[in-house]
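Descriptive structure summary
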Amino acid sequence: MKGAVLRKPGGFMDVYEHKPGAEKDRTHYCPGCGHGILHKLIAEALEDFEITERTVLISPVGCSVFAYYYFNTGNLQVPHGRAPAVATAVSRANPDSVVISYQGDGDLAAIGGNHIVQAANRGENITVFFVNNAIYGMTGGQMAPTTLEGMKTTTTPFGRNPATDGYPMKVAELLNALYAPVFIARTSLHDVANIRKTRAAVRKALQYNMDKKGFSLVEVLSMCPSNWKMGAVESQNWIKERMLDVFPLGTLRDRGAEVEPRQRPVPALDPDSVRKAMGTEKGAGKAFARPGAVPGVSNPSVRIAGFGGQGVLSTGVVLANLGLEYGYNVSWLPSYGPEMRGGTANCSVKIQDTTIGDTEATKPDVLIALNRPSLEKFEGIVKPGGILIYNSTLIEVQPTRGDVCVLAVPITGLADELGNTRVQSMVAVGAFAAATGLYAIEDIVALMPSLFSGEAIVRLNEKAVRAGHDFVKGIRS
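Residues numbered from 1 in each chain as written. Predicted model: local features only at pLDDT ≥ 70, side-chain atom pairs only at ≥ 80, totals over all residues. Heavy atoms only, no water.

Looking now at the overall build of the protein chain. Assigned secondary structure in the protein chain consists of 16 helices and 13 strands. Here the protein chain has a C-alpha radius of gyration of 29 Å; the compact-globule value for 477 residues is 23 Å, and the former is much larger. When each of the 477 residues of the protein chain is scored for burial, the buried share is 51%. Put simply, 66% of the contacts in the protein chain that link residues at least 6 apart link residues at least 24 apart. Counting every atom, the protein chain has about 21800 Å² of accessible surface; 53% of that belongs to carbon and sulfur. A gap of 3 Å separates the mean positions of the 48 positive and 45 negative side-chain charges of the protein chain. (Helix = DSSP H or I, 4+ residues; strand = E, 2+ residues; numbered from the N terminus. Rg over C-alpha atoms; globule rule 2.2 N^0.38 Å. Buried < 20%, exposed > 50% of the residue type's maximum accessible area, 1.4 Å probe, protein only. Contact = heavy atoms within 4.5 Å. Areas by Shrake-Rupley, 256 points an atom, 1.4 Å probe, with all protein chains shown as cover. Lys, Arg positive; Asp, Glu negative; His and termini not counted. Charge placed at Lys NZ, Arg CZ, Asp CG, Glu CD.)

Here you go:
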């Protein structure tokens, strides 16, 4: 054609620099494979829609695991089956991005089966391109959920037998039973006419993504000559002769015209909203002046751990609330152990001047260990120079770290002396305040009426927090 320009679509990288080896101008796919065709259809659409720069493509384990070699988009390579979960996070955190989950049948329909169903049911604003070649390709040709009856694979050498192996899973029909998806179609790559239909489906799914209409899935029947042990042309014919009867082509659902753009609520993270979420709306009613904290713990991450019933989570809530009163940004992340009374539990608290990205205290500045399993589990992750407070009433062993400040505090014993073991959480709060210098004891006492109901309970907890505070002050003086 006169004037035609033959080049790669703009959705591709000019040179596949991330691809190992000398061949930076071709893909790793086998001859006759359909992935390359589908990649091109997507890359063309990205360029034509001018969305390459704001697209994030997510590829899990499978033959397309190296999709990030080729697409000039944001790319994430994720564990087997988890692409819809990661796509959910990316889409919600970046609502103006176009998020694509590119998955094969072994990945999507087997280990990722629950993930795709849940993402579709939530109506996440993501586009899923699902390559169905009826076999596990990358790992050597095992039976996939979509393998046809009688089809021989390395794990069904006599052919798939429904009596022992079940029936081919029809993912498009399965998801079409849900209410939320906006667009579901099945296409094929076995001839030019169907490649054109696939092209149209790819573009419609991406358009709905750009319009924030919600979840779309395009299932694409694709050739796998290497694992089918056929030539390229024979593979195309095999789709036509065998797969189309089991996986009929067409649009199963198109609700784009009737669906409004999805508007998700914007999280409110102001202090009043955080207090409401924590059930402590009242607060102290005044801004506290910050006392001088111990060097190294002025913006601490804190891990608190112990048995269920020891006030682990309550200690974290109080520490987070106090941080709010001092004008810090705070987070509180509980983690529950086995669902049994007396099981272990822990929580992470972050108290910082800056934005908190990761809410888990993976390398805490301060550890409060209320029982021996917690000490043994978390002692090793405390930052060098940090503070380790352990409950010497219940923990008979000594911590082994020599590069942290170790404080043995009889937290349970001090609570027992006050006549109520349940106030050990406030003993721990007092110990924390004295050890870090982050909170003033009188400020904690001032906050008590907003945390507890009843004069007697407030006074008991006041005694508890003073007991923990005074004990640590005593051993450090």
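We now examine the pattern of salt bridges. Summed over all chains, the structure comprises 23 salt bridges. A salt bridge links Arg 372 to Glu 396; the nearest nitrogen and oxygen atoms lie 2.7 Å apart. Placement of Arg 372 in helix α12 (residues 372-378) and of Glu 396 in the loop between β12 (387-391) and β13 (405-409) is noted, with a sequence separation of 24 residues between them. On the accessibility criterion, Arg 372 (31% relative accessible area) is partly exposed. (Salt bridge = Lys/Arg side-chain N within 4 Å of Asp/Glu carboxyl O.)

Turning our attention to the environment of Gly 123. Secondary-structure assignment places Gly 123 in the loop between α4 (113-122) and β4 (127-132). Residues Gly 123 and Ser 216 lie 93 residues apart in sequence; the distance between their C-alpha atoms is 8.5 Å. Those residues in contact with Gly 123 that sit more than four places away from it in its chain are Ala 180, Gly 214, Phe 215, Arg 262 and Arg 264.

What follows deals with empty space enclosed by the protein. Under the defined criterion, the tally for this structure stands at one cavity of 30 Å³ or more. A volume near 160 Å³ is recorded for the largest cavity. Around the largest cavity, the lining is made up of 17 residues, and of these Gly 62, Cys 63, Gly 104, Gly 137 and Met 138 lie nearest the centre. The dominant element in the lining of the largest cavity, judged by the number of residues it contributes, is helix α3 (residues 105-111), at three residues. Taken together, the residues of the lining of the largest cavity break down into six nonpolar, nine polar and two charged. (1 Å grid on protein atoms, 1.4 Å probe; cavity = no way out; pocket = protein on both sides within 12 Å on 5 of 7 lines; lining within 4 Å. Points joined across faces, edges and corners; volume = space filled by probe spheres on them. Nonpolar A, V, L, I, M, F, W, Y, C, P; charged D, E, K, R; others polar.)

This paragraph deals with the packing of aromatic side chains. One pair of aromatic rings is described through two measures. These are the centre distance and the angle between the planes. Throughout the structure, instances matching the rule amount to twelve aromatic pairs. For the ring pair Phe 183 and Tyr 208, a centre distance of 5.9 Å and an interplane angle of 70° mean the geometry is edge-to-face. Of the two residues, Phe 183 is situated in strand β5 (residues 183-188) and Tyr 208 in helix α7 (residues 192-210); the sequence distance between them amounts to 25 residues. Residues Phe 183 and Tyr 208 agree in their burial class; the two are buried. Site record: aromatic cluster; members linked through ring pairs are Tyr 16, Tyr 29, Phe 66, Tyr 68, Tyr 69 and Tyr 70. The residue whose ring lies beneath Lys 8 is Tyr 16, and the NZ or CZ to ring-centre distance is 4.1 Å. Its guanidinium or amino end placed over the ring of Phe 49, Arg 203 lies 5.9 Å from that ring's centre, counting from NZ or CZ. (Phe/Tyr/Trp six-rings, centres within 6.5 Å; stacked < 30°, edge-to-face > 60°. Lys NZ or Arg CZ within 6 Å of the ring centre and 35° of its normal.)

The element strand β3 (residues 98-104) is largely enclosed, with a buried count of seven among its seven residues. In this structure, strand β1 (residues 55-59) lies alongside β3, joined through four bridges in parallel fashion. Among the inter-strand pairings, Leu 57 is bridged to a residue of β3, identified as Ile 100. (Pairing = 2+ DSSP bridges.)

What follows covers the nonpolar core. Ranked by size, the top nonpolar core spans 48 residues in total, and within it Ile 368, Ile 389, Phe 432 and Tyr 439 carry the most contacts. Per-element tally for this core: the top contributor is helix α14 (residues 424-436), with nine residues. For Tyr 439, the residues in contact, after removing those within four places along its chain, are Pro 291, Leu 319, Leu 322, Gly 323, Tyr 326, Ile 351, Phe 432, Ala 433 and Ile 444. In this structure, Ala 67, Val 202, Met 223 and Trp 238 belong to the second largest nonpolar core, which totals 47 residues. (Core = buried A, V, L, I, M, F, W, Y, C linked by side-chain atoms within 4.5 Å.)

This paragraph deals with the sheet that holds β1. If you trace the seven strands from one edge of the open sheet to the other, you get β2-β1-β3-β4-β6-β5-β7, paired in mixed fashion. Here the strands that pair on one side only, and so sit at the sheet edges, are β2 (74-77) and β7 (250-254). Here the strands of the sheet are splayed against their neighbours by 15° on average, with no regard to which way each runs. With four bridges connecting them, β1 and β2 associate as parallel partners. Within β2, the residue paired with Ile 58 across the bridge is Leu 76. (Axes fitted to C-alpha atoms, helices over the stretch in contact; angles between N-to-C directions.)

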